[in-house]
Amino acid sequence: MKNKVQIPRKKRRFSFVSFSILLVFALLAGSWGHILFIERAHFFELFNERNLEYAKKFFSGLFGFQEEKPAFVDKESWKNAIQLTYETLQMSVMALGFATIVAMLTVIPASRTIADGTLTVSKRWYHWILFGIIRGLYIFSRAVPELVFAMVIVFIFKPGILPGAIALALHNFGIIGKLCAEVIEDTDARPIRNLASAGASNAQILFYGIIPAVMPKFLTYILYRGEVIMRTSIVVGFVGAGGLGQQFKLSLSYFHYTEITLLLICYIILVFIADFISEGFRKAAR
Amino acid sequence: MHIVEINNLSKQFGRKIAISSLSFDIKKGETVALIGPSGAGKSTLLNILAGSIPPDTGIYLLDGKPIQQYKNRRELANKIGVIRQQFDLVPALPAIHNVLAGRLGEWGFFKSMLSLFVPQDKQAAANALQRVGLLDKMHDQTSRMSGGEQQRVAMARLLVQNPEVILADEPVASLDPARAEDILEMLTKLVAEEKQTLVMSLHSVEYAKKYFSRIVALRDGEIFFDLPTEDITKEHLTGLYSLKELSQE
């Protein structure tokens, strides 16, 4: 009598996962080998006397040891910096607003389940064309970094916060659009199908079935991009798009180290506030 | 008077035959249970009856008129209402809006928009919820309700929609036996009160016998038997559910 079940053998295969793990180790060994033995790089040379001296000078400059009146204890400088912070905030809010409006206007035809008609139970020949055009725009918008947009737009407009906002919006609308289109694609089609069998038109399905289901996730993504926009606003400022970034660049060029400290303080406060607010909104949306 | 007449209906998905030359009629006011093993074509048949998928061949007359001649969802929604397993309500909306969704066919776009902020036909929604015993949950979010409650909200929606035929695709499949009986009893009672016609697919023969006047059994896309409930014997049922693989042993 047989009372032992033969356990089926697991087939060992060279899977993608095991391949990539091996590849990571091979790359690590290879790269370090190249750096140490072929390039003959010397790490500790980076930490030589000269560089140490420069770093010391820069950081003591930031803390204002050599200056009699550092900018961060000066009332006028604070006023100026707060004005710039406010401009940066304006720029990011404008950018987020533009990006969100354009993304929301285009997101519905940009989702695959709308284009192929599975979500609205209706097919139209022009759906796929619209889908292609909008997805193409999204890809273009995401492919060009905000810094490049800003450099181009500053050429057209005069430097200021509006070109900065437009540059940030141009890059971010594609990201928001794509993320939100994917949210729509993941929507459960069953409630939608039932609305259709209750006689709802496509527009009614949109407002009764799709928007309530996707709104919380949309809000999360939009707020998240808002945080990112606020952080990136300093980068587009470097190329003349106004706000804290522009002043940062100028102060750095004039070696006004204590101003840089002040600007960094303002910037960090701004980011903190933004994180705090968006966290609050996200909790409320859940 | 026959409200549903189908003749030689067939449907294929790729190479798989879901339904092959089905013919039967349903009288107004009849309650029909569709039973049969998994993959017998029950869902396909209900989807064809609901007009959500077109048949490959055959004729389907709904209230004397070919289904293809119903031009829009609106017109069809007057004749046919559908209830499926749960997950068919919009989870993010309060119950009242899911109930009022039954009116979307009648309402224009602006009225339905307005209703999201100021519910229209509130009285109708309240009456319907009262009849399914959920009046106190009118403003609760649907996703927070239990499976049985969600099915009752779906029934309230059907009451508001008030179609002539109700198609139910395994509406109790994901409920426990007590809740399932509760839903079936309520649905058959409401259908009788409204003088509607009910076609429901079911897995449980017991329930089919208890609540329906006629049972249509499908097997491999064909009608295995089609009898009034009282004529059904044990032999009919063992034949229906017997597995080919088992019978070889």
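Please read all numbers here as calculations on a predicted model, not as lab measurements.

**Overview of the pattern of salt bridges**
Residue and element names in this part refer to chain A. Counting across every chain of the model gives 21 salt bridges over all chains. In this structure, glutamate 227 engages arginine 282 in a salt bridge whose closest nitrogen and oxygen atoms are separated by 2.6 Å. In this pair, glutamate 227 is assigned in helix 9 (residues 202-238) and arginine 282 in helix 11 (residues 257-285), connecting sequence segments 55 residues apart. By relative accessible area, which is 12% here, glutamate 227 ends up buried.

**Focus: the nonpolar core**
One broad rule of soluble globular proteins: the nonpolar side chains tend to lie buried together. Ranked by internal contacts, the top residues of the largest apolar core, which has 92 residues, are B:Ile35, B:Val132 and B:Leu202. Sorting elements by how many residues they give to this core places helix 7 (residues 161-185) of chain A first, with 11 residues. Residues lining this core come from more than one domain, with at least three contributed by each of domain 1 (1-70 + 165-249) and domain 2 (88-163) of chain B. Apart from the residues lying within four places of it in its own chain, the contact partners of B:Leu202 are B:Ala33, B:Leu34, B:Ile35, B:Lys42, B:Glu170, B:Val172, B:Leu184, B:Tyr207, B:Ala208 and B:Phe212. Ranked by size, the runner-up nonpolar core spans 28 residues in total, among them B:Leu9, B:Ile19, B:Leu62 and B:Ile67.

**Focus: the UniProt feature "transmembrane region" (unreviewed entry) in chain A**
All names here are of chain A. This chain's UniProt record puts "transmembrane region" (unreviewed entry) on residues 93-113, 125-141, 147-170, 228-248 and 254-277. Between the end C-alpha atoms of residues 147-170 the distance is 11 Å, and the span holds 83% helix and 0% strand. Helix and strand shares over residues 228-248 are 81% and 0% respectively, and the end C-alpha atoms of the span are 19 Å apart.

**Remarks on the side chain of A:Ser233**
Residue and element names in this part refer to chain A. Mapping serine 233 onto the fold places it in helix 9. For serine 233, the side chain forms a polar contact with the main-chain oxygen of methionine 230, separated by 2.6 Å. Excluding residues within four positions of it along the chain, serine 233 makes contact with Thr88, Met91 and Leu168.

**Regarding the layout of surface pockets**
In this structure, the largest pocket encloses a volume near 510 Å³. Lining the largest pocket are 21 residues, with B:Ala50, B:Gly51, B:Ser52, B:Arg73 and B:Leu76 sitting closest to its centre. At the level of secondary structure, the elements contributing two or more residues to the lining of the largest pocket comprise helix 8 (189-197) of chain A together with helix 1 (42-50), helix 2 (73-79) and strand 6 (80-83) of chain B. The class makeup of the residues in the lining of the largest pocket is 13 nonpolar, five polar and three charged.

**So, the domain arrangement of chain B**
Residues and elements named next belong to chain B. When cut into domains, chain B gives domain 1 (1-70 + 165-249) and domain 2 (88-163). The centre of domain 1, based on its C-alpha atoms, is set 27 Å off from the matching centre of domain 2. Each partner contributes residues to the interface: domain 1 has 12 residues there, and domain 2 has 11 residues. Summed over both sides, the interface of domain 1 with domain 2 buries roughly 1,100 Å², with 63% coming from carbon and sulfur. Inspection of the domain 1/domain 2 interface yields two salt bridges. Notably, a salt bridge pairs arginine 131 with glutamate 193, separated by 2.9 Å at the nearest N-O pair. Taken together, the links from domain 1 to domain 2 amount to five residue pairs in polar contact (both at pLDDT 80 or more). For the side of domain 1 that touches domain 2, the leading source of residues is helix 7 (residues 177-194), giving seven residues. Residue composition of the side of domain 1 that touches domain 2, grouped by class: eight nonpolar, one polar and three charged.

**Let's talk about the sheet that holds strand 2 (residues 16-27) of chain B**
Residues and elements named next belong to chain B. Strand order in the open sheet formed by four strands is 2-1-4-5, and the pairing between neighbours is antiparallel. Of all strands in the sheet, those with a lone pairing partner are strand 2 and strand 5 (65-66), marking the two edges. As defined by bridge partners, strand 1 (residues 2-13) adjoins strand 4 (residues 57-62) across five bridges and the pair is classed as antiparallel. Each bridged residue has a counterpart across the sheet, and for serine 10 the counterpart in strand 4 is threonine 57. Its contacts with the sheet place helix 1 against strand 1, strand 2 and strand 4, and it is angled at close to 125° to strand 1.

**Here we look at the interface of chain A and chain B**
Between chain A and chain B, the contact holds 24 residues from the first and 27 residues from the second. Roughly 2,100 Å² of surface becomes buried between chain A and chain B when both sides are summed, with 57% attributable to carbon and sulfur atoms. Among the residues chain A hides against chain B, the three largest losses belong to A:Asn194, A:Gln204 and A:Tyr208. Together they make up 34% of the total. Among the elements of the structure, helix 8 and helix 9 of chain A are those that each provide at least two residues to the side of chain A that touches chain B. Tallied by class, residues from the side of chain A that touches chain B come to 12 nonpolar, nine polar and three charged.

**Thoughts on the packing of helix 6 (residues 147-161) of chain B against helix 7 of chain B**
Residues and elements named next belong to chain B. Remark: helix 6 packs on helix 7, axes separated minimally by 10 Å, with the N-to-C direction vectors making an angle of 10°. By the angle between their directions, the pair helix 6 and helix 7 is classed as roughly parallel. Residues Gly148, Gln151, Arg152, Met155 and Leu159 of helix 6 form the contact with helix 7, whose own contacting residues are Asp182, Ile183, Met186, Leu187, Leu190 and Glu194. In the contact of helix 6 with helix 7, the residues fall into six nonpolar, two polar and three charged.

**Describing helix 5 (residues 126-143) of chain A**
Every α-helix winds through 3.6 residues per turn, so residues three or four apart in the chain are directed the same way. Residue and element names in this part refer to chain A. Taking 1.5 Å as the rise per residue, helix 5 with 18 residues should run 26 Å; its terminal C-alpha atoms sit 26 Å apart, in good agreement. Those residues of helix 5 lying buried are His127, Phe131, Ile134, Arg135, Tyr138 and Ser141. Seen from one end, helix 5 has its buried residues packed into an arc of 120°, which puts them on one side. Among the exposed residues of helix 5, those pointing more than 90 degrees away from its buried face are Ile133, Phe140 and Ala143. Where the residues of helix 5 are buried, they touch helix 3 (75-107), helix 4 (112-115), helix 6 (146-156) and helix 7.

**Topic: the sheet that holds strand 3 (residues 31-35) of chain B**
Residue and element names in this part refer to chain B. Here six strands make up an open sheet; going across it, the order is 6-7-8-3-9-10 and the pairing mixed. This sheet does not close on itself; its edge strands, each paired only once, are strand 6 and strand 10 (222-228). Looking at each pair of strands side by side, their axes are set apart by 15° on average, direction ignored. Examined bridge by bridge, strand 6 and strand 7 (residues 165-169) share four bridges and lie parallel to one another. In the sheet register, valine 82 faces strand 7, and the bridge partner there is leucine 167. Those strands touched by helix 1 are strand 3, strand 6, strand 7, strand 8 (197-201) and strand 9 (214-219), and its axis lies near 150° from that of strand 7. Against the sheet, helix 7 touches strand 3, strand 7 and strand 8, its axis set at about 155° to strand 8.

Parameters and conventions
- Residues numbered from 1 in each chain as written.
- Chains lettered and ligands numbered in written order.
- Predicted model: local features only at pLDDT ≥ 70, side-chain atom pairs only at ≥ 80, totals over all residues.
- Heavy atoms only, no water.
- Salt bridge = Lys/Arg side-chain N within 4 Å of Asp/Glu carboxyl O.
- Helix = DSSP H or I, 4+ residues; strand = E, 2+ residues; numbered from the N terminus.
- Buried < 20%, exposed > 50% of the residue type's maximum accessible area, 1.4 Å probe, protein only.
- Core = buried A, V, L, I, M, F, W, Y, C linked by side-chain atoms within 4.5 Å.
- Domains from an automatic or database assignment.
- Contact = heavy atoms within 4.5 Å.
- UniProt positions renumbered as here; feature names shortened; annotations may be inferred.
- Polar contact = N/O pair within 3.5 Å; in protein donor to acceptor, adjacent residues only side chain to side chain.
- 1 Å grid on protein atoms, 1.4 Å probe; cavity = no way out; pocket = protein on both sides within 12 Å on 5 of 7 lines; lining within 4 Å.
- Points joined across faces, edges and corners; volume = space filled by probe spheres on them.
- Nonpolar A, V, L, I, M, F, W, Y, C, P; charged D, E, K, R; others polar.
- Buried area = accessible area lost by both parts, 1.4 Å probe.
- Pairing = 2+ DSSP bridges.
- Axes fitted to C-alpha atoms, helices over the stretch in contact; angles between N-to-C directions.
- Parallel < 35°, antiparallel > 145°, perpendicular 65-115°, else oblique.
- Expected span 1.5 Å × (residues − 1).
- Arc of directions from axis to C-beta.

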